[in-house]
Amino acid sequence: MTRDLPTHLSRAERPAQLLVADDDQRLLAGLADLLRGAGHTVTEALGGPAACEALDNQDFDLALLDLHMPEIDGYEVMAHAQDVQPHCGVIVISGESTFTSVSRALRRGALDYVKKPFAPDELLETVRNVLGQRSLIRDHAKVQHRLKKSEALHRYLVNSSPDIVFVLDKAGRICFINNKVNSLLGYTPTDLIGEHFGLLLDDQDITRGTYALQDASVSADNPRTLEVRMKTRGSRRANRHFEVTAFPIDPDTWPHTNDPEERAIGQRARIYGTARDVTERKEAEAFINFQAYHDLLTRLPNRALFKDRLNLAITQARRNSQKLAVMFLDLDRFKVINDTLGHAMGDRLLQAVTRRLEECLRRGDTLSRFGGDEFTLLLPAIHGKEDARQIANKLIRALQPPFQLGDHEVFVGISIGIAVFPDAGDSLDQLIQNADIAMYHVKGKGKGDYRFYSDTMSIDTANRLSLERDLRLALDRDELRVHYQPQVCANTNRIVGLEALVRWQHPERGLLYPPDFLPLAEETKLIDDLSERVLAKACHQVGQWIHDGHDDLRLAVNLSPIQVEHPRFVHTLMEQLRTYQFPPHNLEIEITENVIMNDLEQISQKLRELADYGVRIAIDDFGTGYSSLNYLHRLPIHTLKVDQSFIRGIRNSEDGACIVNAIVAMAHGLKLEIVAEGVETDAQLCYLRQLGCHQVQGFFYGPAQPAEFIRRSLSRDRLAQNVTAV
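Let me begin by describing the structure that accompanies this report.

1. Let's talk about helix α23 (residues 600–613)
Along an α-helix, residues three or four apart share an orientation, since each turn contains 3.6 residues.
Working step 1: In this model, α23 (14 residues) spans 20 Å end to end at C-alpha, consistent with the 20 Å of a helix rising 1.5 Å per residue.
Working step 2: Residues Leu-600, Ile-603, Ser-604, Lys-606, Leu-607 and Leu-610 constitute the buried set of α23. The buried residues of α23 occupy one face: seen down the axis, they fall within an arc of 165°. Within α23, the exposed residues directed more than 90 degrees away from the buried face are Glu-601 and Asp-612.
Working step 3: Looking one or two places after α23, you find Gly-614, whose phi comes out positive at around 110°.

If you want it as structure tokens, here you go:
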């Protein structure tokens, strides 16, 4: 306590007296212990009232205050401290870091601002700096008091001041300037004596600075204070910010002295001023302001700044009868890369994407990061849709080349929704929302493209939201069903495999098929839960049939790109097989060529791991994608499924089936099995048998059926085999 210290100790010799105020007892105690460990004397105040009471009863060198406290907040405690202990400095320690809060605290007299959670070393360094500043200020005040009695002390004070002190004549020329100008700006006083004060000012501030000093309303009681930039000499540093305070002086009041030089200064002196270096404060304010309106990762405008610029652009477009466009951009496959390579690589990818996108923009366009992997783009003053179309195509092309992230080469695409003012909305919210809706329609059609908003999309979106809500409920209510389409041996007509196909028994719309809801499941990230549910049902049902004697029965399941690209895909799949005791060699997963080619290196590794477990790999819709012999040779693929569009080309002759012929011949050469999809006629079946196609599936043998129907079919199949054997 201050009153318990020996009275002969000066303020500089005794430990610093600190007041710590917070409404969180744990944080308060931790902070107090940290400061005591640094040698300070600490008084703890739990909340604002306790802090005010302590200020009334004790003297403190420094108070560390939280802003948000019940009853009496930090701002009120600061005001009370100014009234009862104006010499007590204040540091604000708060979780609030908005520009408004920081600015308000600094205006109320806070000497520094530390954001929670803080680093202990940083906090202690801040306390040391502020205590040092307070000590300098106190010493400065003492010297000022003694200055009235000593000319020598006056010179010492001026030359030791932390600020530049200067005297100007009536023409604005420098009569005197202290040595501080050397350490702050690189000039010596002798360089500047006789030069106009404007020599020190930044070119853009010369007129404003010189005019302010000549203002007739300025007096000793009403000094002029302004902020200007001053030039540094012989340094690569940028010009520094100073707060200049100046007022006129009467030569007759200049102290009498025997020094001829000082007498000459006194005769010419007309303006006395100080210049305080506020560069760090200005930079801190600029950084806080930048944080408030920009995304720190990409340095792009954030949502708030984008909306501000869009509002302004709408006003100008309305006034000038112009059009503008708002684009909503969403990266394709970013989540997979982020989950696979980690958030650090994801951040690097976002920065690289930003650089490419910025190269496509016109002067005056605003690209903003809206959050995550979503961006918005404002195109002001366009002539029509064609301008927006050209920019959209440039953006899509810009992201097509791969990105190099360390040792990894990755590909991302972009889906773009476009809303044009005033056709697609005449307000900020409408334009952003409708561009977002258009972007989701791109996602639903396969990604990597752009679409303009139209009124029909709003109806589709309302239906989509309703269906999304119902789909989430369907998972909870177990409304998903698994139907199976037999895969039949082309020679024996025996069922050798079952392809699991999901159906949704909607309580109002009846039985829904995959095209009605699977794209929505992928967009809303419900595909993982849905696929896990379907695989669980299929493993349970088909597993029972396998254990009942159908040892060679194969279960075929389609997997979405999102599932396969997930970093834990292999682990999750094998965990499910172990959970349901399903034999891995009875499972065949079906993926498309496009999934493989999106990231050949990563997908290849996953497929090899599954093949090592015994899982079979099939290429679905073969012939409609890349169809590269290179990947067929490199990957552990067991089966090719010929797309039904090629099967439909089969008539009674071989002329319309050349693609099927080539695929079957290639599969035989690579020793791969063939499954022909969409077989509907006897002619198609006979043709495929002659080609040597191993297995077929399609409406010729019936549509996909529920489990009970399949169970009976398997029983009849077994009975027929037994009769044949007898």
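2. Looking at helix α1 (residues 25–37)
Working step 1: Between its first and last C-alpha, α1 extends 18 Å over 13 residues, near the 18 Å set by a 1.5 Å rise per residue.
Working step 2: Listing the buried residues of α1 in full gives Leu-28, Leu-31, Ala-32 and Leu-35. End-on view of α1: buried residues confined to an arc of 100°, all on one side of the axis. Of the exposed residues in α1, the ones pointing more than 90 degrees away from its buried face are Arg-26, Asp-33 and Gly-37.
Working step 3: The opening residue of α1, the one whose side-chain oxygen lies 3.0 Å from the backbone nitrogen of Arg-26, is Asp-24.
Working step 4: A positive phi of about 95° marks Gly-39, the residue just after α1.

3. Considering the sheet that holds strand β3 (residues 62–65)
Working step 1: If you walk across this open sheet you meet the five strands as β2-β1-β3-β4-β5, and the pairing is parallel. Every interior strand has two partners, whereas the edge strands, β2 (41–46) and β5 (112–115), have only one. The average angle at which neighbouring strand axes cross in this sheet is 20°, direction not considered.
Working step 2: One ladder, built from four bridges, connects strand β4 (residues 89–94) with β5; its direction is parallel.

4. Digging into the nonpolar core
Working step 1: Within the largest apolar cluster, 76 residues are counted, with the highest numbers of intra-cluster contacts made by Tyr-484, Leu-555 and Ile-589.
Working step 2: No other element matches helix α19 (residues 527–547), which puts nine residues into this core.
Working step 3: Setting aside residues no more than four positions away along its own chain, Ile-589 makes contact with Val-557, Leu-559, Phe-569, Leu-573, Leu-607, Leu-610, Val-615, Arg-616, Ile-617 and Ala-618.

5. Some remarks on the pairing of β4
Working step 1: In terms of residue burial, β4 counts as a mostly covered element, since six of its six residues are buried.
Working step 2: The alternating pattern of β4 places Gly-89, Ile-91 and Ile-93 and Val-90, Val-92 and Ser-94 on opposite faces, both of which are buried.
Working step 3: Bridging between β3 and β4 involves four bridges; their strand directions are parallel. Bridge assignment links Ala-63 to a residue of β4, and that residue is Val-90.
Working step 4: With respect to chirality, the unit in which β3 leads through helix α3 (residues 74–84) into the neighbouring parallel β4 is right-handed.

About the criteria used
Residues numbered from 1 in each chain as written. Predicted model: local features only at pLDDT ≥ 70, side-chain atom pairs only at ≥ 80, totals over all residues. Heavy atoms only, no water. Helix = DSSP H or I, 4+ residues; strand = E, 2+ residues; numbered from the N terminus. Expected span 1.5 Å × (residues − 1). Buried < 20%, exposed > 50% of the residue type's maximum accessible area, 1.4 Å probe, protein only. Arc of directions from axis to C-beta. Polar contact = N/O pair within 3.5 Å; in protein donor to acceptor, adjacent residues only side chain to side chain. Pairing = 2+ DSSP bridges. Axes fitted to C-alpha atoms, helices over the stretch in contact; angles between N-to-C directions. Core = buried A, V, L, I, M, F, W, Y, C linked by side-chain atoms within 4.5 Å. Contact = heavy atoms within 4.5 Å. Right-handed = clockwise from strand over helix to strand, strands pointing away.

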